[in-house]
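Here is what each chain is made of, one letter per residue.
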2 protein chains.
Amino acid sequence: MNTETSQKPATTGFPFDHIRPHLDQVESLILEQAREFDPGVENYIAYLCGSSGKRIRPSLTVLTAGALGEVSADQVKLGCVLELIHIASLVHDDLMDGANTRRGLATASAKWGDTLSVLLGDSLFSHSLMLATELNDVHLSREVAKASREVCEGEILQTQRRFDLTLSIPEYFHIIELKTAALFGASAELSAYLAKAPESTQAAMRSYGRKLGTVYQLYDDCLDLVGDPDEAGKTLRTDLEKGKLTLPILHLIRSASPAQRDKLGRILLEREPLDLGILAGIADYEGALEAAVKQGHELLKESRSDLICLPENSSTEALHDIVSYLGGLLDGCLR
Amino acid sequence: MNTETSQKPATTGFPFDHIRPHLDQVESLILEQAREFDPGVENYIAYLCGSSGKRIRPSLTVLTAGALGEVSADQVKLGCVLELIHIASLVHDDLMDGANTRRGLATASAKWGDTLSVLLGDSLFSHSLMLATELNDVHLSREVAKASREVCEGEILQTQRRFDLTLSIPEYFHIIELKTAALFGASAELSAYLAKAPESTQAAMRSYGRKLGTVYQLYDDCLDLVGDPDEAGKTLRTDLEKGKLTLPILHLIRSASPAQRDKLGRILLEREPLDLGILAGIADYEGALEAAVKQGHELLKESRSDLICLPENSSTEALHDIVSYLGGLLDGCLR
């Protein structure tokens with residue numbers, strides 16, 4: 001696909017502009033963290049924290065804060081903590097995936113090798129959890145550490161089930177709930193906790209965040225199959241090569257006849273040089289991509305009902321806008 | 001060296017027997033942790049936690065507790081937390097070193113590969129810091145996370161300075177203070193904090209723990225050069241192959257003539273097949289090993305004075321015994 005004529009929404013550009021000042025505070029805080037490390041380590045951390053991502057997790061934290069009142073310094077710090085955990089997990093992801101670039105920049109493993117990447121990720125994980133203690137609330141420290149552990153557990157389960165064609169769709173959702181939804185859920189829930197919102201509101205925001213995270217991962221999985229690498233700003237078509245079975249492929253396996261399932265098995269397991277464009281075409285033709293996108297839309301619809309507990313204001317509106325935006329991204333996966 | 005006729009002290013067997021019941025509690029708690037993970041992850045964690053190490057860090061925690069009063073459940077938990085951080089760091093160490101066995105068992109990376117080892121270490125780090133929050137004290141959570149970060153920072157600095165013959169002896173000590181002494185220091189200091197000991201006592205126990213950790217690493221470094229692999233229960237002679245410059249080697253470099261320094265450079269940098277037995281012999285002959293051991297003894301002497309603040313009892317005595325024991329281990333490195 002030619003990027004210039006593409007009608008697909010870009011993968012960046014979540015509708016966060018009206019909270020830009022608070023996101024800038026998060027960004028400054030993220031950039032300041034490098035100075036907390038030993039001078040011999042500082043520059044590595046500055047590089048890792050400086051490669052600006054989409055900052056989705058802090059955006060959820062700040063928008064939840066804004067929806068429930070004024071955005072506090074603690075909520076800004078929470079956003080920073082959760083983004084650092086995300087960055088740490090990306091350092092290790094890139095190492096394990098053998099990825100050379102992310103967001104157009106060389107990955108830690110490409111730049112400094114595997115050993116330093118392991119250790120830099122570890123340092124960032126530990127530092128995030130240390131920074132979380134500055135919120136002076138044991139409950140927050142615990143929930144942040146728990147979300148961090150869940151991210152790793154999700155990755156472990158995903159690794160275990162590589163090339164496993166018996167992976168069920170509920171198992172797929174369990175994995176991405178740990179891997180991605182946990183941190184999204186914590187971003188919204190713990191911000192509501194800091195706003196001293198009622199427990200029911202905290203639970204609703206957790207549910208909203210988790211659904212959003214699930215759909216975001218589901219979208220990312222679809223994008224890997226059908227997206228344009230130039231547009232996405234990263235290497236695509238890697239999930240299947242690494243044996244990660246994504247939702248459209250799981251739907252395709254489920255709807256396949258025995259003969260088709262054999263063919264899929266040969267393609268996916270025997271690691272024949274894959275023409276993923278063809279596989280994507282089949283997934284589209286058989287309605288498997290559509291089934292995956294439909295599940296995403298169902299989750300998004302549910303996530304809107306989680307927002308009912310919030311007062312009407314521009315931040316609440318933006319939380320709804322994220323839902324619409326993700327819906328648009330999902331639709332963009334259908335050719 | 002024939003292990004049967006060896007006169008060297010064994011590397012296990014620290015003098016902890018009188019606190020065995022509390023160490024058993026730590027051990028049970030460590031083994032219980034696997035059940036806190038996702039069922040798909042539990043068995044890996046059980047394997048990693050089950051391969052009984054020397055449990056030195058929890059021993060320091062429990063002995064400090066015993067020296068200052070009754071050993072509490074929180075102090076037992078603290079010991080478990082710090083040991084889990086140690087185990088997490090070993091999982092990543094073994095991965096980075098390409099080590100196949102530890103304590104006679106296959107390492108995680110040998111058993112399950114690099115990807116799972118990265119993730120299992122990450123999960124254990126996060127879990128340790130989550131468990132720390134059960135102590136319901138933000139100060140403790142922060143100090144534990146900080147010690148965890150310092151371990152990683154020390155490893156990063158060590159990795160950076162591999163094969164760097166300009167590494168100074170103070171820089172060597174800075175690295176091992178982060179890599180090993182931080183966690184030893186936290187084990188004793190935070191136990192004193194939990195015992196509500198005066199701040200001066202907490203500081204003294206931190207100093208004691210850090211010195212002990214420094215000497216323990218220094219001993220481990222000497223052992224790598226002169227030890228017997230069968231006796232040590234792990235692969236030795238790996239530090240120099242990996243470019244880690246240990247204290248005896250740094251003393252040897254410092255005392256070498258320009259011509260000798262060239263020879264050492266060729267041996268250490270050009271990675272000629274090393275006869276480390278010969279290098280160890282030279283280090284011994286030139287007094288470099290003795291100089292390293294002497295620095296260890298000086299630190300041990302200082303560490304005894306940190307214990308003056310403690311009441312006289314069997315645990316305080318055991319803390320002194322550890323000092324003597326480490327002294328014996330150091331002397332065992334001199335042939």
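Residues numbered from 1 in each chain as written. Chains lettered and ligands numbered in written order. Predicted model: local features only at pLDDT ≥ 70, side-chain atom pairs only at ≥ 80, totals over all residues. Heavy atoms only, no water.

*Asks:* Honestly, unusual backbone geometry in this entry has me stumped. Any pointers?
*Replies:* Peptide bonds are, in most cases, trans, and in most cases residues other than glycine have a negative phi. Residues and elements named next belong to chain A. Positive phi is not limited to glycine here, since Arg55 has a value of about 55 degrees. Structurally, the position occupied by Arg55 is in the loop between α2 (39-50) and α3 (56-68). Judged by its relative accessible area of 7%, Arg55 is buried. Here the phi dihedral of Arg103 falls at roughly 50 degrees; this positive angle occurs in a residue that is not glycine. Mapped onto the secondary structure, Arg103 falls in the loop between β1 (101-102) and β2 (105-106). (Helix = DSSP H or I, 4+ residues; strand = E, 2+ residues; numbered from the N terminus. Buried < 20%, exposed > 50% of the residue type's maximum accessible area, 1.4 Å probe, protein only.)

*Asks:* What am I meant to see in the relation of the copies chain A and chain B here?
*Replies:* Screw-axis analysis of chain A against chain B gives a translation of 0.0 Å along the axis, an RMSD of 0.0 Å, and a rotation angle of 180 degrees. On the angle and the small slide along the axis, the relation comes out as a two-fold axis. Closest approach to the rotation axis among the C-alpha atoms of chain A is made by Val138(A), whose C-alpha sits 2.9 Å away. Most of the interface of chain A is mirrored in chain B: 100% of its interface residues are interface residues there too. (Least-squares fit on C-alpha atoms with pLDDT ≥ 70 in both. Contact = heavy atoms within 4.5 Å.)

*Asks:* Would you mind showing me how to read the interface of chain A and chain B here?
*Replies:* It is common to report an interface's size as the accessible area lost on association of the parts. Taken together, the contact pairs 41 residues of chain A with 41 residues of chain B. In this assembly, chain A packs against chain B so that about 3,700 Å² is buried in total across both faces, 67% of it on carbon and sulfur atoms. Summed over the shared surface of chain A and chain B, the result is zero salt bridges. Inspection of the chain A/chain B interface yields 18 residue pairs in polar contact (both at pLDDT 80 or more). Only α2, α4 (73-97), α5 (108-132), α6 (138-160) and α7 (169-194) of chain A provide two or more residues apiece to the side of chain A that touches chain B. By residue number, the principal contributor to the side of chain A that touches chain B is α6(A), which donates 14 residues. Here the residues of the side of chain A that touches chain B are counted per class, giving 18 nonpolar, 13 polar and 10 charged. (Buried area = accessible area lost by both parts, 1.4 Å probe. Salt bridge = Lys/Arg side-chain N within 4 Å of Asp/Glu carboxyl O. Polar contact = N/O pair within 3.5 Å; in protein donor to acceptor, adjacent residues only side chain to side chain. Nonpolar A, V, L, I, M, F, W, Y, C, P; charged D, E, K, R; others polar.)

*Asks:* Is there a simple way to explain the side chain of Thr64(B) in this structure?
*Replies:* Residue and element names in this part refer to chain B. For Thr64, the location among the structural elements is in helix α3 (residues 56-68). Using a relative accessible area of 0% as the deciding quantity, one classes Thr64 as buried. A polar contact of 2.7 Å, which involves the side chain of Thr64, links it to the backbone oxygen of Leu60. If sequence neighbours within four positions are ignored, Thr64 has contacts with Ala188, Ser191, Ala192, Met205 and Leu319.

*Asks:* Looking at this structure, how should I read the packing of aromatic side chains?
*Replies:* Where two aromatic rings form a pair, the distance of their centres and the angle of their planes describe that pair. For the coordinates displayed, the defined rule picks out 10 aromatic pairs over all chains. Consider the rings of Tyr44(B) and Trp112(B), whose centres lie 4.8 Å apart with planes at 85 degrees: the pair is edge-to-face. Separated by 68 residues along the polypeptide, Tyr44(B) in helix α2 (residues 39-50) and Trp112(B) in helix α5 (residues 108-112) bring together distant segments of the chain. Note on Tyr172(B) and Phe173(B): the rings are 5.3 Å apart at their centroids and 80 degrees apart in plane angle, and the pair reads as edge-to-face. Tyr172(B) sits in the buried class, given a relative accessible area of 3%. Residue classification places Phe173(B) among the buried positions, given a relative accessible area of 12%. One residue, Arg149(A), lies across the ring of Phe37(B), its end atom 4.8 Å from the ring centre. (Phe/Tyr/Trp six-rings, centres within 6.5 Å; stacked < 30°, edge-to-face > 60°. Lys NZ or Arg CZ within 6 Å of the ring centre and 35° of its normal.)

*Asks:* Would you take a moment to explain the confidence of the model for chain A for this structure?
*Replies:* Atomic detail in the predicted coordinates should be set aside for any region of low pLDDT. All names here are of chain A. Here chain A averages 89 in pLDDT, while 91% of its residues score no lower than 70. With pLDDT under 50 throughout, residues 1-12 is counted as low confidence; its partners more than four residues away or in other chains account for 27 contacts. Reported confidences for the modelled complex are a pTM of 0.90 and an ipTM of 0.87. (pLDDT = per-residue confidence, 0-100.)

*Asks:* I would appreciate a short explanation of the environment of Thr214(A) in the present structure.
*Replies:* All names here are of chain A. In this structure, Thr214 sits in helix α8 (residues 199-226). With 179 residues separating them along the chain, Thr214 and Arg35 place their C-alpha atoms 34 Å apart. Once you skip the residues sitting within four places of it in the chain, Thr214 turns out to touch Phe173, Ile176, Glu177, Ala181 and Leu299.

*Asks:* In this structure, what is going on with the environment of Ser191(B)? I would like to understand it.
*Replies:* Residues and elements named next belong to chain B. Within the secondary structure, Ser191 sits in helix α8 (residues 169-194). For the pair Ser191 and Gly40, spaced 151 residues apart in sequence, the C-alpha separation works out to 34 Å. The residues contacting Ser191, other than those within four sequence positions of it, are Thr61, Thr64, Ala65, Gln75, Leu78 and Ala186.

*Asks:* What exactly am I supposed to notice about the nonpolar core here?
*Replies:* One broad trend across soluble globular proteins is that nonpolar side chains are buried collectively. One finds Leu319(A) and Leu319(B) to be the most contacted residues of the largest nonpolar core, which totals 216 residues. Not counting residues up to four positions away in its chain, the partners in contact with Leu319(B) are Leu60(B), Leu63(B), Thr64(B), Ala67(B), Met205(B), Tyr208(B), Leu307(B) and Leu310(B). (Core = buried A, V, L, I, M, F, W, Y, C linked by side-chain atoms within 4.5 Å.)

*Asks:* In this structure, what is going on with the packing of α3(B) against helix α9 (residues 199-226) of chain B? I would like to understand it.
*Replies:* Geometrically, a packed helix pair is captured by the angle between its two axes and the distance between the axes. Residue and element names in this part refer to chain B. At a minimum axis separation of 12 Å, α3 and α9 run at an interaxial angle of 150 degrees. Classified by the interaxial angle, the pair formed by α3 and α9 is roughly antiparallel. When you trace α3 past α9, the crossing you get is right-handed. From α3, Ile56, Leu60, Thr64 and Leu68 reach across to α9, where they touch Thr201, Met205, Tyr208, Leu212 and Tyr216. Class assignment of the residues belonging to the contact of α3 with α9 gives a composition of seven nonpolar, two polar and no charged. (Axes fitted to C-alpha atoms, helices over the stretch in contact; angles between N-to-C directions. Parallel < 35°, antiparallel > 145°, perpendicular 65-115°, else oblique. Left-handed = near helix turned anticlockwise from the far one by under 90°.)

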